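# Fold and contact review
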Amino acid sequence: MGKKALITGMTGQDGSYLAEYLLDLGYEVHGLVRRVALEDPQRRFTRIEHLLDKVTLHAASLESYPSIFNVISRNEFDECYHLAAQSFVAESFADGFSTMNTNINGTHYMLAALRELQPKCRFYFAGSSEMFGKVREVPQKETTAFHPRSPYGISKVAGFDLTRNYREAYGMFCASGILFNHESPRRGYEFVTRKITSAAARIKAGQQNELRLGNLEARRDWGHARDYVRAMHLMLQQDSPDDFVVASGESHSVGDFCELAFAEAGLDYREYVVQDDRFYRPAEVELLIGDASKAKSVLGWAPHYNFEALIKEMVSKDIATAGDSFVTASA
Ligand code: G4F
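Residues numbered from 1 in each chain as written. Predicted model: local features only at pLDDT ≥ 70, side-chain atom pairs only at ≥ 80, totals over all residues. Heavy atoms only, no water.

### Quick notes on the overall build of the chain
As a reminder, the rule being used: Note on conventions: DSSP H or I runs of at least 4 residues are helices, E runs of at least 2 residues are strands, and numbering of each starts at the N terminus. To get the radius of gyration, use the C-alpha atoms; to get the globule rule, take the number of residues to the power 0.38 and multiply by 2.2 Å. Here the term buried applies to any residue with accessible area under 20% of the maximum for its type, exposed to any over 50%, and partly exposed to those in between, with areas from a 1.4 Å probe on protein chains only. Using a 1.4 Å probe, accessible areas were evaluated by the Shrake-Rupley method; residue-level cover was limited to the displayed protein chains. Residues scored as positive are Lys and Arg, those scored as negative are Asp and Glu, and His as well as the terminal groups of each chain are ignored. In this description, the location of a charge corresponds to atom NZ of lysine, CZ of arginine, CG of aspartate or CD of glutamate.
On a plain count of helices and strands, the chain comes out with twelve helices and 13 strands. At 19 Å, the chain has a C-alpha radius of gyration in line with the 20 Å of a compact globule built from 331 residues. Taking the principal axes of its C-alpha atoms as reference, the chain extends roughly 60 × 45 × 40 Å. Per-residue burial for the chain yields a buried fraction of 53% across its 331 residues. On the chain, roughly 14,400 Å² of surface is accessible, and the fraction owed to carbon and sulfur atoms is 47%. Each charge class in the chain was averaged separately, 37 positive and 44 negative side chains, and the resulting centres sit 2 Å apart.

This is how it looks when you write it as structure tokens:
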């Protein structure tokens, strides 16, 4: 019998890749999705359209403990991957209250319901390199102190602490991945990488004239989401639960990303990119670079994509779909 997994946030980039990966491994895959998504599948399920006849979806909201309790009381799961969150850092400055409510309470509700109903179910929490914020050391690893710089980062530190506390207080198998930025052709258009690759494609196709961005100096450690979901799965296959940094170990600036992405489209980014104060953040995370040695040695994890291959795939997919009125995100 294959294992049974529950994924929250299955309609997102990571959730869709993880669902594919687990299905390939023979898992029975269930997703927890908002009722509004179930009622609007054409728009909300673009990333999992091709999986809809292979997965089971349950309606629940991260803001409602009873709805989560209800799903977990009706099904037995071996593993739970809690990926759902308000994940856009800039939005967390605009509405810190709802980011905190969804991200902190949502994690707490998941943990509490599992403890009550299925304490043997293994739990994965999607931690983030945003927890390091104003970094205390370079590169960042599992022992680096957190100094979050946004309501989003603060909510992820709280989720990380909740997860660790359920592990220590109740003996549950709870693990956190501290994932650095991970991208793909399924990335949302609000994030800087997809904003850049989709703009390069549209400019090449004559559909856009310029790209307005904020801080081009910020540095991130970018990997491919397809690689990072393998690490999530590995974390739940260990003998004991632990926390792991997942990162490429390379740091590039937003400007570097622009240069390569535009070059991939045959363009010079300096002719099109305009800096715009509207896209600067009240507090910036200037530099992120992760040390994934522990994930490599303990989990045996290694990425397949490098920075150049990631950009190449994103730009070529965006060029292939530029001009489509309905852009499919499952590409
Ligand atoms: O693509 P971003 O919005 O991602 P950010 O803030 O690093 O967060 C992402 O990665 C985290 C992992 O570390 C996740 F936890 C989180 O959920 C999310 O997936 O911005 C990247 C950088 C920032 O420094 C930002 O200031 O790009 C800079 N930037 C410059 N101009 C811009 C823009 N970001 C966006 N979104 N839009 C701009 O126009």
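### So, helix H7 (residues 151–170)
Note the threshold: Expected span of a helix, by definition, is 1.5 Å for each gap between consecutive residues, and there is one gap fewer than residues. By definition in these notes, contact holds between two residues if any of their heavy atoms fall within 4.5 Å.
Taking 1.5 Å of rise per residue, the 20 residues of H7 would be expected to cover 28 Å, and the 28 Å separating its terminal C-alpha atoms lies within 8% of that figure. Within the span of H7, buried status applies to Pro151, Tyr152, Gly153, Ser155, Lys156, Val157, Gly159, Phe160, Leu162, Thr163, Tyr166 and Arg167. Elements that come into contact with the buried residues of H7 comprise helix H5 (89–94), helix H6 (96–117), strand S5 (122–128), strand S6 (174–179) and strand S11 (243–246). Two residues or fewer after H7 comes Gly171, characterised by a positive phi angle close to 70°.

### Overview of the site of the ligand
Put simply, the rule reads: Here a residue is near a molecule or strand as soon as one of its heavy atoms is found within 4 Å of it. Pairs of N or O atoms are called polar contacts if they sit within 3.5 Å, as long as, within protein, a hydrogen donor faces a hydrogen acceptor (for residues adjacent in sequence, only side-chain-to-side-chain pairs).
The ligand sits among 23 residues. The nearest are Ser87, Ser128, Ser129, Tyr152 and Arg281. The separation between an oxygen atom of the ligand and a polar main-chain atom of Ser87 is 2.6 Å. Contact between the ligand and Lys195: an oxygen atom at 2.7 Å from a side-chain N or O atom of the residue. For the ligand, whose free accessible area comes to 720 Å², the fraction covered by protein is 96%.

### A few points about the pattern of salt bridges
Put simply, the rule is: Salt-bridge detection follows one rule: a side-chain nitrogen of Lys or Arg within 4 Å of a carboxyl oxygen of Asp or Glu.
Evaluated as defined, the whole model comprises 20 salt bridges. The residue Glu183 makes a salt bridge to Arg187 at a minimum N-O spacing of 2.6 Å. Taking relative accessible area as the criterion, Glu183 reaches 1% and is therefore assigned buried. The buried category is assigned to Arg187, whose relative accessible area is 14%. Between Glu284 and Arg220 there is a salt bridge whose closest N-O contact spans 3.4 Å. Here Glu284, found in the loop between strand S13 (273–275) and helix H11 (293–299), pairs with Arg220, found in strand S9 (residues 219–220); they are 64 residues apart in sequence, far enough to count as distant. The residues Glu284 and Arg220 share a single accessibility class, namely buried.

### A short note on the nonpolar core
To keep things clear, this is the line we draw: What makes a nonpolar core is a set of buried Ala, Val, Leu, Ile, Met, Phe, Trp, Tyr and Cys residues whose side-chain atoms join them at distances within 4.5 Å.
Core analysis: the largest hydrophobic core is formed by 36 residues, its most contacted members being Ile7, Val29, Tyr81 and Tyr124. Broken down by element, the residue count for this core peaks at six residues, all from helix H9 (residues 225–235). With residues up to four places along the chain from it excluded, the contact list for Ile7 reads Gly15, Leu18, Ala19, Leu22, Val29, His30, Gly31, Leu32, Tyr81 and Leu83. Counting residues in hydrophobic clusters, the runner-up holds 31 residues, among them Phe123, Cys174, Ile178 and Val245.

### Things to note about the packing of helix H8 (residues 192–204) against helix H12 (residues 307–321)
Convention followed: Think of each axis as a best-fit line through the C-alpha atoms, taken over the contacting stretch in the case of a helix, with angles from 0 to 180 degrees between the N-to-C directions. Orientation is classified from the angle alone, with under 35 degrees giving roughly parallel, over 145 giving roughly antiparallel, 65 to 115 giving roughly perpendicular, and any other angle giving oblique. Helix crossings fall into two classes, left-handed where the near helix is turned counterclockwise from the far one by less than a right angle and right-handed where it is turned clockwise.
The interhelical angle for the contact between H8 and H12, taken along N-to-C directions, is 45°, at an axis separation of 8 Å. Overall, the two elements H8 and H12 adopt an arrangement that is oblique. For H8 against H12, the interelement crossing comes out right-handed. Within the contact between the two elements, H8 uses Thr193, Arg194, Thr197, Ser198, Ala201 and Lys204 and H12 uses Met314, Val315, Asp318 and Ile319.

### A few points about the sheet that holds S11
Strands in a sheet are paired, the pairing made by backbone hydrogen bonds, and the direction either parallel or antiparallel. Short version of the rule: One bridge is not enough; two strands pair if DSSP finds at least two bridges between them.
Reading across from one edge, S3-S2-S1-S4-S5-S6-S11 is the order of the seven strands in this open sheet, with parallel pairing throughout. Only two strands of the sheet have a single neighbouring strand rather than two, namely strand S3 (56–59) and S11. Neighbour to neighbour, the strand axes of the sheet diverge by 20° on average, direction disregarded. As paired elements, strand S4 (residues 79–82) and S5 share four bridges and run parallel to each other. Its bridge partner lying in S5, His82 is registered against Phe125. Here helix H1 (residues 13–24) sits on the sheet in contact with strand S1 (4–8), strand S2 (28–33) and S4, set at roughly 175° to S1.

Purely spatial values, then, with no claim about function.
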